[in-house]
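The primary structure of each chain is shown beneath.
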Amino acid sequence: MNIAIIGTGYVGLVTGTGLSSFGLNITCVDIDKKKIDLLNGGKLPIYEPQLEDLVENNAKEGRLRFSSDVAGAIRKNDVIFIAVGTPPKEDGSTNLASIENVARTIGENLNAEKLIVNKSTVPVGTADYIKKIIERYSDKNYTVEVASNPEFLREGAAVRDFFHPDRIVLGTESEHALSILMDIYRPLYLLETPFIKTDVHTAELIKYAANCFLATKISFINEMANICDKTGANITDLSKALGLDGRIGKKFLHAGIGFGGSCFPKDVRSLVNQTEKLQYNFRIGKAVLDVNRKQIEIALNKIVAAFDGSLNDKTIALLGVSFKPETDDIRESPAIYLAKGLLENGAKIKMYDPKALENAKAELSSAKLSEDAYDAAKDADAIVLATEWNQFRHLDLSRLKTIMRGKLFFDFRNVYPKNKVAEAGLKYFAIGR
Ligand code: UDX
């Protein structure tokens, strides 16, 4: 089967590469010629564990190609996946400009019956809209079906998630489309991956429901952590006890400074916006966003209070700037929001991150870049652990104490046992402990 993937970002590149590993013939296309040239030169535009080798192997075996000829790819392939960006607008609604653009190009180049499969996260009803645009720009009468196959990949674990998904969601209108998609994902079917076969609107909504629910879990546990801070209870024990209830589940109950990234904040905002248009008040979604915003303020206030109300001339060593470990992505990163708050309060920042420093430079231009955690901590008044990279889990605390000017340690991802930090002579602050 010949498949084109339009949009070679995180989702498109991982999906295209994964499908080529299934033995399918894949062309990943993108209007960004620079990105395509990079990929054709054997380089990846993003950092994602395991992806580089996989791209190299599949390209070498001739199953995976990269091209900037979008129109040509549409004409040459029978199945077209859409995996373009759907960024948020100011008001939280979804910017569908790239989707509209792709739909129009598909319409203009429709030369046979084709199955269009949308992977981008889009408001419910967008598949119908894509179909309308395709029909508007096509002068032929070929049948097109637009199916929905939402993506649940996590950055940093995207390759693993592709090959071992919890489920595959297929929203289709016809048996024909469903059988094509089942055939594409056959290798996963053999691994007994559950398949949810449903209608297109449900598939579109499943993606938002999943991300809103996970975001809700995080905001919930962060509120519990704040209540722990007020009552002297311990969030780590609480979270463990909570998670052992099979109905609740252990995952996504880690308190910290909130969720970030390219999906959770945007998707919750988008569902709030979609439902507002439908005159429905999505109260939980609004509260989840509110708690997430406040969590940064709460963390910032802890630091300011520890310095008796003023951060003027204080140097903070910021450990971690990416929105989570194992990625260079800083979109909506709580660490960056926190750093901005620190700077606004007069602090100086020395920052270190294993992968995201380059990206953070532009956002935090006045922050000094450090070589490693110790370089950042040298002469600092406080350390703020904002992203729980593995590198930060076993720091030599006594060494930190010796090289720092001050002795405050803000563990905002609850990584360290309190007494271990105290034994090293540092003053420990966490979230909910
Ligand atoms: C998420 C979804 O998991 C994925 O299914 C979807 O397709 C895209 O959005 P991703 O954004 O890559 O993936 O990151 P994820 O690992 O889910 O973490 C999101 C954010 O939540 C991070 O900022 C992380 O630090 C935070 N988080 C996660 C917590 O604060 N506590 C937790 O217990 C879990």
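Residues numbered from 1 in each chain as written. Predicted model: local features only at pLDDT ≥ 70, side-chain atom pairs only at ≥ 80, totals over all residues. Heavy atoms only, no water.

### Considering the environment of V146
Within the fold, V146 resides in strand β6 (residues 144–148). A relative accessible area of 2% places V146 in the buried class. Sequence separation between V146 and D30 is 116 residues; the distance between their C-alpha atoms is 20 Å. Setting aside anything within four residues of it in sequence, one finds V146 in contact with I116, A127, I130, K131, I134 and V200. (Helix = DSSP H or I, 4+ residues; strand = E, 2+ residues; numbered from the N terminus. Buried < 20%, exposed > 50% of the residue type's maximum accessible area, 1.4 Å probe, protein only. Contact = heavy atoms within 4.5 Å.)

### A look at the site of the ligand
Lining the immediate environment of the ligand, one finds 19 residues, of which F152, E155, H254, F323 and K324 sit closest. Take L153: an N or O atom from its main chain is 3.2 Å from an oxygen atom of the ligand. The separation between an oxygen atom of the ligand and a polar main-chain atom of H254 is 2.8 Å. Expressed as a share of its isolated accessible area of 670 Å², the protein-covered part of the ligand is 91%. Broken down by element, the shell around the ligand gets its largest block of residues, three residues, from helix α10 (residues 200–231). Of the residues belonging to the shell around the ligand, the class tally is nine nonpolar, four polar and six charged. There are two domains that each give the shell around the ligand at least three residues, and those are domain 1 (2–198) and domain 2 (199–433). (Near = heavy atom within 4 Å. Polar contact = N/O pair within 3.5 Å; in protein donor to acceptor, adjacent residues only side chain to side chain. Areas by Shrake-Rupley, 256 points an atom, 1.4 Å probe, with all protein chains shown as cover. Nonpolar A, V, L, I, M, F, W, Y, C, P; charged D, E, K, R; others polar. Domains from an automatic or database assignment.)

### Observations regarding the pairing of strand β1 (residues 2–6)
Within β1, four of the five residues are buried, leaving the element largely enclosed by the surrounding structure. Examined bridge by bridge, β1 and strand β2 (residues 25–29) share five bridges and lie parallel to one another. In the sheet register, I5 faces β2, and the bridge partner there is C28. Where β1 meets strand β4 (residues 79–82), four bridges bridge the pair, whose relative direction is parallel. Bridging from a neighbouring strand, I6 pairs with I82 of β4. (Pairing = 2+ DSSP bridges.)

### Topic: unusual backbone geometry
Phi at D313 takes a positive value of approximately 65°, unusual for a residue other than glycine. By secondary structure assignment, the location of D313 is in the loop between α13 (283–306) and β9 (315–319). D313 sits in the exposed class, given a relative accessible area of 55%. The residue E332 is not glycine, and still its phi comes out positive at about 55°. If you trace the backbone, E332 turns up in the loop between β9 and α14 (334–344).

### Comments concerning the layout of surface pockets
A volume near 300 Å³ is recorded for the second largest pocket. What lines the second largest pocket is a set of 14 residues, and nearest its centre among them are N292, R293, I296, E332 and Y337. Among the elements of the structure, α12 (264–277), α13 and α14 are those that each provide at least two residues to the lining of the second largest pocket. Take the lining of the second largest pocket: its biggest share by element is six residues, from α13. (1 Å grid on protein atoms, 1.4 Å probe; cavity = no way out; pocket = protein on both sides within 12 Å on 5 of 7 lines; lining within 4 Å. Points joined across faces, edges and corners; volume = space filled by probe spheres on them.)

### Concerning the sheet that holds strand β12 (residues 382–385)
The parallel open sheet is built from six strands, whose spatial order is β11-β10-β9-β12-β13-β14. Edge positions in the open sheet fall to β11 (368–369) and β14 (427–429), since each of these has one partner strand only. The sheet contact formed by β9 and strand β10 (residues 348–352) spans five bridges and is parallel. Paired with T315 across the two strands is K348, which belongs to β10. Taken strand by strand, α13 contacts β9, β12, β13 (408–411) and β14, and its axis lies near 170° from that of β13. (Axes fitted to C-alpha atoms, helices over the stretch in contact; angles between N-to-C directions.)

### Focus on the environment of I133
Looking at where I133 falls in the secondary structure, it is placed in helix α6 (residues 126–137). Under the relative-accessibility criterion, I133 is labelled buried at 5%. For the pair I133 and E108, spaced 25 residues apart in sequence, the C-alpha separation works out to 9.9 Å.

### Side note on the pattern of salt bridges
Within this structure, the stated rule accounts for 27 salt bridges. K131 serves as the salt-bridge partner of E173, at 3.7 Å between the closest nitrogen and oxygen. Separated by 42 residues along the polypeptide, E173 in the loop between β7 (168–171) and α8 (175–184) and K131 in helix α6 bring together distant segments of the chain. Among the residues examined, K131 registers a relative accessible area of 23% and is labelled partly exposed. Taken together, the shared-partner salt bridges in this structure form one network comprising R154, R160 and D161. (Salt bridge = Lys/Arg side-chain N within 4 Å of Asp/Glu carboxyl O.)

### Focus on the packing of aromatic side chains
Applying the stated criterion across every chain yields a total of 12 aromatic pairs. Taken together, a centroid distance of 6.0 Å and an interplanar angle of 75° make the contact between F22 and F163 edge-to-face. Here F22 is found in the loop between α1 (10–21) and β2, whereas its partner F163 is found in helix α7 (residues 158–163), with 141 residues between them in sequence. The class for F163 is partly exposed, based on a relative accessible area of 21%. (Phe/Tyr/Trp six-rings, centres within 6.5 Å; stacked < 30°, edge-to-face > 60°.)

### Here's the deal with empty space enclosed by the protein
Considering all chains together, one arrives at one cavity of 30 Å³ or more under this definition. In this structure, the largest cavity encloses a volume near 40 Å³. Lining the largest cavity we find N118, S120, T121, V122, S148, P150, E204, K207 and Y208. With three residues, the top contributor of residues to the lining of the largest cavity is α10. Classifying every residue of the lining of the largest cavity gives three nonpolar, four polar and two charged. Here the lining of the largest cavity spans two domains, and each of domain 1 (2–198) and domain 2 (199–433) adds at least three residues to it.

### Looking at the domain arrangement of the protein
Parsing the protein into structural domains produces domain 1 (2–198) and domain 2 (199–433). Relative to domain 2, the C-alpha centre of domain 1 lies at a distance of 32 Å. Between domain 1 and domain 2, the contact holds 33 residues from the first and 27 residues from the second. With both chains or domains summed, domain 1 and domain 2 bury close to 2,400 Å², and 56% of this area falls on carbon and sulfur atoms. Per-residue buried area on domain 1 facing domain 2 is highest for Y47, V124 and E155; these three make up 26% of the total on that side. At the boundary of domain 1 with domain 2, the tally comes to one salt bridge. Measuring nitrogen to oxygen at the nearest pair gives 3.7 Å for the salt bridge that ties E155 to R331. At the boundary of domain 1 and domain 2, one finds 15 residue pairs in polar contact (both at pLDDT 80 or more). When contributions to the side of domain 1 that touches domain 2 are tallied by element, the ones reaching two or more residues are α6, β6, β7 and β8 (195–198). Of all the elements, α6 adds the most residues to the side of domain 1 that touches domain 2, at three residues. Class assignment of the residues belonging to the side of domain 1 that touches domain 2 gives a composition of 14 nonpolar, 12 polar and seven charged. (Buried area = accessible area lost by both parts, 1.4 Å probe.)

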